[in-house]
Amino acid sequence: MTDDAIKRIKAYNENVILVDANPTIENCDYICNDFGTRTQKILNYLYDLGHRNIAYIGGNSSVVAMNGKTIMLDRDARAEAYSDWMRIKGLNKFEHLYIDNWSIENGFRLCNQMISELDEMPTAIVVGSDPMALGVYKSLKNHQINIPNDVSIVSFDDVEMTNYLTPSLSSVYMDSSEMGKTAVRLAKDLMIEKAKMPLIISCRSELHLRDSVKKIK
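Analysis parameters
- Residues numbered from 1 in each chain as written.
- Predicted model: local features only at pLDDT ≥ 70, side-chain atom pairs only at ≥ 80, totals over all residues.
- Heavy atoms only, no water.
- Core = buried A, V, L, I, M, F, W, Y, C linked by side-chain atoms within 4.5 Å.
- Buried < 20%, exposed > 50% of the residue type's maximum accessible area, 1.4 Å probe, protein only.
- Helix = DSSP H or I, 4+ residues; strand = E, 2+ residues; numbered from the N terminus.
- Contact = heavy atoms within 4.5 Å.
- Salt bridge = Lys/Arg side-chain N within 4 Å of Asp/Glu carboxyl O.
- Patch = residues over 30% accessible without salt bridge, like charges linked within 9 Å, V, L, I, M, F, W, Y side chains within 5 Å.
- Areas by Shrake-Rupley, 256 points an atom, 1.4 Å probe, with all protein chains shown as cover.
- Pairing = 2+ DSSP bridges.
- Right-handed = clockwise from strand over helix to strand, strands pointing away.
- pLDDT = per-residue confidence, 0-100.

Asker: Sorry, what's going on with the nonpolar core here?
Answerer: Generally speaking, nonpolar side chains in soluble globular proteins are found buried as a group. Counting residues in each nonpolar core, the largest one holds 24 residues, and the members touching the most others are Ile42, Leu46, Ile54 and Val126. Elements supplying a minimum of two residues to this core: α2 (35–48), β3 (54–58), α3 (77–88), β7 (124–127), β8 (152–156) and α6 (176–192). With sequence-adjacent residues up to four places away left out, Leu46 is seen in contact with His51, Ile54, Ala124, Val126, Val154 and Val213. Counting 21 residues, the second-largest nonpolar core is a separate cluster that includes Tyr98, Leu118, Ile145 and Val151.

This is how it looks when you write it as structure tokens:
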């Protein structure tokens, strides 16, 4: 939610816990994912496999205003972590960031754009979501680019269909149900004793490696 919306809600009830959020205001309890940190770990893993020319395809985060309107932000933890990591590793010349709305169509279009623009095809692509990864798969197939022999793919969401792609897609899993249970447990604790400082709980994701990633020889 937007900061203004959070402030308005907290004016009615201070006992607000935000789930799957990362607000900029400081005086609220929230539960967030670790996708920024997980992106860096994925990049470290790809680096150890010999990959240097790594691209990122994804979308921007969004927040909801008090009137229910969705507002797109110009940032996302995964994209920011990717850019920071590439610069720290001194791989600026390989920093290829393609961002649009989260959809299969945009994954397809952005991958087509990347292939047409770059003189050298990346050896690995990190994709921000599994639906976008479907579009990436289709684009690469149309251009006769083989996964993982020509390019490795890692994505986020780990929806069930990833097991049925050819090759099966490596993807990051976050237990959203457990995030909800964590919020309930925190709410119960706050009923008994109000915390003296706002709490931030980061839930750890899991990278499920499958056939879409390969070591460079």
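Asker: I tried to follow the pattern of salt bridges on my own but got confused; where do I start?
Answerer: Between side chains of opposite charge, a pair can form when the charged atoms approach closely. Scanning the entire structure with this criterion turns up six salt bridges. Salt-bridge contacts for Arg78 lead to Asp76; the nearest nitrogen and oxygen are separated by 3.1 Å. With a relative accessible area of 11%, Arg78 lands in the buried category. Because the salt bridges share partners, they merge into one network encompassing Asp84, Arg87 and Glu95.

Asker: Just to check I follow, could you spell out a nonpolar patch on the surface for this structure?
Answerer: Together, Met1, Val64 and Met66 line one region of the surface with nonpolar side chains, adding up to about 230 Å² of accessible area. By the secondary structure assignment, Met66 is in the loop between β4 (62–64) and β5 (70–72).

Asker: What exactly am I supposed to notice about the pairing of β8 here?
Answerer: When a strand is regular, its side chains alternate between the sheet's two faces. By the criterion of burial, β8 is predominantly enclosed, with five of the five residues buried. What you see with β8 is no split at all: Ser152, Val154 and Phe156 on one side and Ile153 and Ser155 on the other are buried throughout. Of the strand pairs in this sheet, β7 and β8 are connected by three bridges, and their pairing is parallel. When the sheet's bridge partners are listed, Ala124 is paired in β8 with Ser152. Taken together, β7, helix α5 (residues 130–142) and β8 form a β-α-β motif whose crossover is right-handed. By the bridge criterion, three bridges tie β8 to strand β9 (residues 170–173) in an arrangement that is parallel. Looking at β9, one finds that Ser155 is bridged to Ser171.

Asker: Even after reading the chapter, I still don't get the confidence of the model for the protein, so can you show me in this structure?
Answerer: Residues shown with low pLDDT carry predicted positions that ought not to be read at fine detail. Mean pLDDT over the protein stands at 92; residues scoring 70 or higher make up 100%. Considering each helix and strand of the protein separately, the mean pLDDT is smallest for β5, with a value of 86, and largest for β7, with 98.

Asker: Got a minute to help me understand the side chain of Asn106 in this structure?
Answerer: Residue position: Asn106 is located in helix α4 (residues 104–117). Using a relative accessible area of 13% as the deciding quantity, one classes Asn106 as buried. Those residues in contact with Asn106, other than ones at most four positions away along the chain, are Asp100, Asn101 and Met132.

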